[in-house]
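Now for the letters of each chain:
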Amino acid sequence: MKKTISLIAAAAAMPPVLGPGTAAAEEVNLYSYRQPFLIQPFLDEFTRQTGIRVNVVYAQKGMLQRLKAEGRNTPADAVLTVDISRLDALTNAELLQPVSSPVLDRNIPAQYRHPQGHWYGLTTRARIIYVSKDRVKPGEVASYEDLAKPHMKGRVCTRSGKHVYTVSLIASIIEARGEKAAEAWLRGVKANLARKPQGNDRAQVKAIKDGVCDVSLGMTYYMGKMATNDKKPEQKKWAASVRILFPNQAGRGTHVNISGAAVTEHAKNKANAVRLLEFLSEDFAQKMYADQNFEYPVKAGVEWHPLVAGWGKFKSDAVNLDNIARHRATATKLVDRVNFDG
Amino acid sequence: MTAAAALAQRPPRLGFAAAGVDGWTLGALIVAGCVAIPIGAVLVLAAGTGSDIWGHLIDTVLARYVGTTLGLMAGVGAGTLIIGVGTAWLVTNFGFPGRGLFEWSLLLPLAIPSYVIAFVFTDFLEFAGPVQGLLRELGGWTSPRDYWFPEIRSLGGAIAVMSLVLYPYVYLLSRAAFLEQSVGMMEVSRSLGRGPWRSFLTVAVPLARPSIAVGVSLVLMETLNDFGTVDFFAVQTLTLGIFDVWFNLNSVAGAAQIAGVILLFVMVLLTAERFSRRRQRYHGQGRALRRAVPRRLTGFAALLSTLACTLPLALGFLLPVGLLSADVAANLELVGGRAFLTSAGNSLLLAAVAALVAVLIGLQLAYGVRLSGNRALKSLTRVASLGYAIPGAVLAVGVMIPFGFLDNWIDAQSSRLFGISTGLILSGTGAALVFAYVVRFLALSQGAVESGLERVTPNIDGAARTLGCRPAGVLWRVHVPLLRGSMLTAAILVFVDTMKELPMTVIMRPFNFETLATQVHQFAASEQFAEASPAALAIVLAGILPVIILSRAMRNTVHIDTRAEART
C-alpha cells in the first residue's frame, strides 16, 4: 500500500509539469502523427493569427487506442495524420465526427475528403519510381507494371512490403486490376529485387547511387529532402544520381496518398478544431505545409515549391482513397503470401 | 525452500489468519495485482473479436516469424552469456592490464539504446559507410558485386548489436555473484586437481547460476520486446508480426494474441530454468567472506584478457559514442536550447521517480514472497514481472485501457452524484507514465532484489526473528543493509532503462511534453539520424554516471556484506 501511496504522491507532485491538457477558453488539443518539427511552424502561425493555443502530443503507434481508451473524456479535439489508412481506421472505430464547412469544401477537392466530412486531406504525395540517370534507358520503365517485367531482373529496390506506403500502392493496384493481377505483379517485383526489402525511401535512392540497383519505389517528398540536405551533403549526390519518373501516365495515373486532419468524436473545442482545419486548407498554410515537406498542396492554385514544380505536372490516379483503404487487409495478406519481405 | 517454508509456518498475527494471509502478504498481493492489471488487459484484448488472423499467419509467415524469433533469442542469449560471464570472471579473478578500468567500463554499453546502436552501426558498415569505402579503395573494387561483405541488416547483424548492448545485464549479475563467492570453494576445487577452466565451469558458474539466469532472462525478455532494431534490420520476428497485424490488418486483438504467444514463450523458458534447479540452494555460508586476491596474469594470457574485455567495450560503447559525437558536432544548434534542456530535465525526473517506485515495489514483492512463500503471491509476482517481455507500444495500450476505464468511471459517478465532471484524472499524466514504467521494468527491480535476497541465507531471518525482530524490522535492519548493492543495481537498471524507453513514453505522454527519447523518436522515425544524435548522445551520457556509481558501489558491496554479517 505504501507504494501505491507513493505513486499517488508522485502524481500529486507532478501536475504543474506533467498534468493533462485542460480545456481552457482558447485552446485546441491536437494528437499528431506528424513530427513536431514539421508542423510547429504553421501551428505557431495559427496561434499568432487567431490567439488559439495549440497543445500537441506527437505519436504514431497506439494513438487510436489512446483515443479509444480515453473515450468521451478525451482531451483531444483534432487529429493530424498521414496516409489514408490511418484516417480510415479512425473513422471505422467511430472516433471522428463529421464536420461540414463551406471553407473546407471550397478548398479541398472531393477526391481528397471523406464524403460525410469525417476527414479532410491537406497535402498529397505521389508514389513514384526513382530511376538511375546512368543505367536506365528512356522507355525502359514507364509504369508500376514495368517493375515486374523480366528486363528489370536484379535491378529493383524497395522498402518493406509491409510499410504503409507499399501496402497502399498494392491496394491501388488491386482496385485498378483485381487481386489476381496484383499478386502476379508483386511476385514479379519480388523476382526482380536486387536485395531484401529494407530501409526507407531515402535508403533506396542511396542504393541506386551505390549501384546496388537501378530503380526504386519512393515518395516524391524524399527527393526534396535529399536535394536540399545541407547537414548531410552526401545526400545531394544521391538525389543527383536519380530522376523522378511519374508512373502510368499513359493509363490510370500515378498513385497518390494524402496527409490529412479530422475532428474527434468527443472534441471539447470543436469550433477551434474546425478553425484549425480551415486554416490548414487556406493558401498560407497550404503553401507552408506543403513546402515544409516537399508535398503537393490539395488546394488548387496554391503555388508549388520551386523544386517540386521542377519535377513537372503529372496525372494522378483519380480513384477515391476510401476504396484504397478498403483493400488494405487484402494487400497486406498478399505481401505475406508472396513472401515479399523474406 | 525449506527455511522459507519454516518461516511461513510461524504463528500469524493479523486478522487474515484463517486464510493464512498476513498484512505483508496482503499488501504485496494488492500491489502485485495492480501491476499485473495491464498485462491482464493485453490478454483481455487478445480475447477480442475480429481477429481471424491465425489461419492466414499459419499458411504464410508464422513459421518464419517463430524460427527467426528463436534464432534471435538463441543468438543473443549465447552472445550475452559468453561476453557477460566471461568478462565478469576475468575482471573478478585475474589481474591484467586495464582490469580496474574494465571493472566499471564494461557496464557502459547499458547506457546505449539498441535502436541507437542499430542505426549507428548500419551507417558505419553499409556499402556507403567508411568501412566498406576503405575496403573498396584497398581492393580497387567499385560495385557491391565485386566483393563480399556481411549484410548488417540481417539476423546476424541484429544478434550482434543486441548482444553488444545487452550483455551488461549478464555481466552485472554474474559479477555480483562471483564477487560474493567465497574463495574457499575455488581453492577446494583446485586442490582436488581441477584446473582453472574446469573449476570455473563446474564450480563458479553453477554457483552463480541463479544470478546468471536472471541476467539472461532479462536479456531475452528485452530481445522479445524490441521492435526498433528488428524493424530497422528487417528481421521478421514475432514482434514485427505484432505490429504488422495491429496496423496493416487493423487487428489489435490479433496483435495482443501474438503478444500472448510471446508471453507463453517466456513463461515456459523461465519455468524450465527454475525447474531444472529446483533442488538446489545457493545461499552463502554466512561466514565472513574472504576475497581472493586476483591472480596476476602475464604475457599472452594477460594480453588475451585485455583484448577480450576491450572488444565488447569498444564495439558496444566507444565506437557508437564516437560516431554519435561526430554527428552531434554537425548539429550543434540542436543542443543546449531550452527545448533540449527541458527534455533532458523531464527524462531525468521521470527516470528518477520510476527508479524509486520500481525499487520499493520490487523490494516489497521480493520480500513478501520470501516471507510467506504464498503460492498466489509468487505467481502474481511472476505475472506482474512479465511486462518486460511485451513490446512497449502493446503494453502501453494495456496500461491506457484500465486508466481510461477508471477515469471515465470516476467521471460518470461524480457527474451523477455531484453534477461535476472530473474529466480524465490520471490518463495522459506523468503519474500514469510512471506507473507504466513500473509495469514495464518490474522484472528488473524485482529480479535484482530477489536474486540478492536468494543469496542471503534464511538462517539470518530465523536468527533475527528468534531475537524478537518483526518481519518489517528484519527487512529494515537486516536485509536492506545487506541488499544495498542489489537495490542500487535495481534502481540504476530501471533509471537507465527509463531514460532509453521510447514507445510508452511517446504514446502516453501529456500534451507539449518532450523527453530525450521523444526527441530521438521524432527524427529517427524518418531515419534522420544526424538530427536525432544530440538527444541520443544525451541519453547515453545521462546513463554513464549512474553506471559508474553502480560499479563502484558493487566493489564495496562485499565489504558491506562482510561487515553486516560480522555484526549479525
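Keep in mind it's a predicted model, so treat the numbers as computed, not measured.

Quick notes on the rules
- Residues numbered from 1 in each chain as written.
- Chains lettered and ligands numbered in written order.
- Predicted model: local features only at pLDDT ≥ 70, side-chain atom pairs only at ≥ 80, totals over all residues.
- Helix = DSSP H or I, 4+ residues; strand = E, 2+ residues; numbered from the N terminus.
- Buried ≥ 20, exposed ≤ 12 C-beta atoms within 10 Å, placed from the backbone.
- Contact = placed C-beta atoms within 7 Å.
- Rg over C-alpha atoms; globule rule 2.2 N^0.38 Å.
- Core = buried A, V, L, I, M, F, W, Y, C linked by C-beta atoms within 7 Å.
- Domains from an automatic or database assignment.
- Nonpolar A, V, L, I, M, F, W, Y, C, P; charged D, E, K, R; others polar.
- Axes fitted to C-alpha atoms, helices over the stretch in contact; angles between N-to-C directions.
- Parallel < 35°, antiparallel > 145°, perpendicular 65-115°, else oblique.
- Left-handed = near helix turned anticlockwise from the far one by under 90°.
- pLDDT = per-residue confidence, 0-100.
- Pairing = 2+ DSSP bridges.

**Student:** Just give me the short version of the overall build of chain B, but keep the residues and values in it.
**Tutor:** From N to C terminus, chain B includes 25 helices and two strands. In chain B, which comprises 568 residues, the proportion classed as buried is 53%. Within chain B, contacts between residues separated by at least 24 positions form 84% of all contacts whose residues are at least 6 apart in sequence.

**Student:** Account for the overall build of chain A, with residues named and values stated.
**Tutor:** A count of helices and strands for chain A gives 16 helices and 10 strands. What you see for chain A is a C-alpha radius of gyration of 22 Å, in line with the 20 Å of a compact globule of 342 residues. Overall size of chain A, expressed as C-alpha extent along the three principal axes, is 65 × 55 × 40 Å. The buried share of chain A, taken over its 342 residues, is 56%. In chain A, 79% of the contacts between residues at least 6 apart in sequence involve partners at least 24 apart.

**Student:** Hey, could you go over the nonpolar core for me, with residue numbers and the actual values?
**Tutor:** Core analysis: the largest hydrophobic core is formed by 283 residues, its most contacted members being Ala78 and Ile170 of chain A together with Ala354, Ala358, Val438 and Val494 of chain B. Per element, the largest residue contribution to this core is 18 residues, and it comes from helix H8 (residues 155-180) of chain B. For this core, the domains that each give at least three residues are domain 1 (24-124 + 257-304) and domain 2 (125-255 + 318-337) of chain A. With near-sequence residues (within four places) excluded, Ala358 of chain B lies in contact with Tyr437, Val438, Phe441, Leu442, Ser445 and Val494 of chain B.

**Student:** So what's going on with the interface of chain B and chain A? Which residues, and what values?
**Tutor:** A common way to express how large an interface is: the accessible area buried when the components associate. On the chain A side, the residues contacting the 58 residues of chain B number 56 residues. Among the elements of the structure, helix H2 (23-46), helix H13 (238-248), helix H16 (338-372), helix H18 (392-418), helix H19 (430-454) and helix H23 (503-508) of chain B are those that each provide at least two residues to the side of chain B that touches chain A. Ranked by residues supplied to the side of chain B that touches chain A, first place goes to H18 of chain B with nine residues. For the side of chain B that touches chain A, the per-class residue count stands at 33 nonpolar, 18 polar and seven charged.

**Student:** Tell me what's going on with the packing of helix H4 (residues 62-93) of chain B against H8 of chain B, and back it up with residues and numbers.
**Tutor:** Two quantities define a packed helix pair, namely the angle between the helix axes and the distance between the axes. Residue and element names in this part refer to chain B. Where H4 meets H8, the axes come as close as 6 Å, and the angle between the chain directions of the two elements is 40°. The orientation of H4 with respect to H8, classified from their angle, is oblique. Pair H4 / H8 crosses with right-handed handedness.

**Student:** Explain unusual backbone geometry to me, using residue names and the numbers behind them.
**Tutor:** Phi is positive for Asn248 of chain A, close to 55°, though the residue is something other than glycine. Even without a glycine there, the phi angle at Asn250 of chain B is positive, about 55°. Take Asn250 of chain B: it is sitting in the loop between H13 and helix H14 (252-276).

**Student:** So what's going on with helix H24 (residues 516-524) of chain B? Which residues, and what values?
**Tutor:** Across the nine residues that make up H24 of chain B, a large majority, nine, are buried. Buried within H24 of chain B are the following residues: Leu516, Ala517, Thr518, Gln519, Val520, His521, Gln522, Phe523 and Ala524 of chain B.

**Student:** How would you explain the confidence of the model for chain B if you had to name every residue and give the values?
**Tutor:** Residue and element names in this part refer to chain B. For chain B, the average pLDDT comes to 84, and 90% of its residues sit at 70 or higher. The weakest mean pLDDT in chain B belongs to helix H1 (residues 2-8) at 43; the strongest belongs to H4 at 94. Across residues 1-18, where pLDDT falls below 50, the model places 22 contacts with residues more than four positions away in sequence or in other chains. Scoring of the predicted complex yields 0.86 for pTM and 0.84 for ipTM.

**Student:** Give a description of H13 of chain B that names residues and reports values.
**Tutor:** Residue and element names in this part refer to chain B. Burial within H13 is extensive, with 10 of its 11 residues counted as buried. Every buried residue of H13 is listed here: Leu238, Thr239, Leu240, Gly241, Ile242, Asp244, Val245, Trp246, Phe247 and Asn248. Once H13 ends, the next one or two residues include Asn250, with phi positive near 55°.

**Student:** Break down the domain arrangement of chain A for me, with residues and values.
**Tutor:** All names here are of chain A. Looking at chain A, the domain boundaries give domain 1 (24-124 + 257-304) and domain 2 (125-255 + 318-337). Put simply, the middle of domain 1 and the middle of domain 2, counted by C-alpha atoms, are 28 Å apart. In this complex, domain 1 contributes 13 residues to the contact, which on the side of domain 2 involves 14 residues. Counting only elements with at least two residues in the side of domain 1 that touches domain 2, the list comes to helix H5 (84-92), strand S5 (120-132) and strand S9 (256-264). In terms of residue count, H5 provides more of the side of domain 1 that touches domain 2 than any other element does, three residues in total.

**Student:** A description of the environment of Lys315 of chain A should follow, citing residues and the corresponding values.
**Tutor:** Topologically, Lys315 of chain A is positioned in the loop between helix H14 (306-310) and helix H15 (321-326). Discounting residues that sit within four places of it in the chain, Lys315 of chain A has contacts with Gln249, Gly253 and Thr254 of chain A.

**Student:** Help me get a handle on the confidence of the model for chain A, residues and values and all.
**Tutor:** Where the model shows low pLDDT, its predicted coordinates should not be examined in detail. Across chain A, the average pLDDT comes to 89, with 93% of residues at 70 or higher. Every residue in residues 1-24 of chain A scores below 50 in pLDDT, and together they form 44 contacts with partners more than four places removed in sequence or on other chains.

**Student:** Before we move on, could you go through the pairing of S5 of chain A and cite the residues and values that matter?
**Tutor:** Residues and elements named next belong to chain A. Of all the 13 residues making up S5, 12 are buried; the element is thus mostly covered by neighbouring parts of the structure. In this structure, S5 lies alongside S9, joined through six bridges in antiparallel fashion. If you follow Thr123 over to S9, its bridge partner there is Ser259. Bridge count between S5 and strand S10 (residues 296-297): two bridges; the pairing is antiparallel. Note that in S10 the partner of Thr123 across the bridge is Pro297. Here S5 runs beside strand S7 (residues 215-219); their pairing, made up of five bridges, is antiparallel. Counterpart to Ile128 in the pairing with S7 is Gly218. Here S5 pairs with strand S8 (residues 242-245) via four bridges, running antiparallel.

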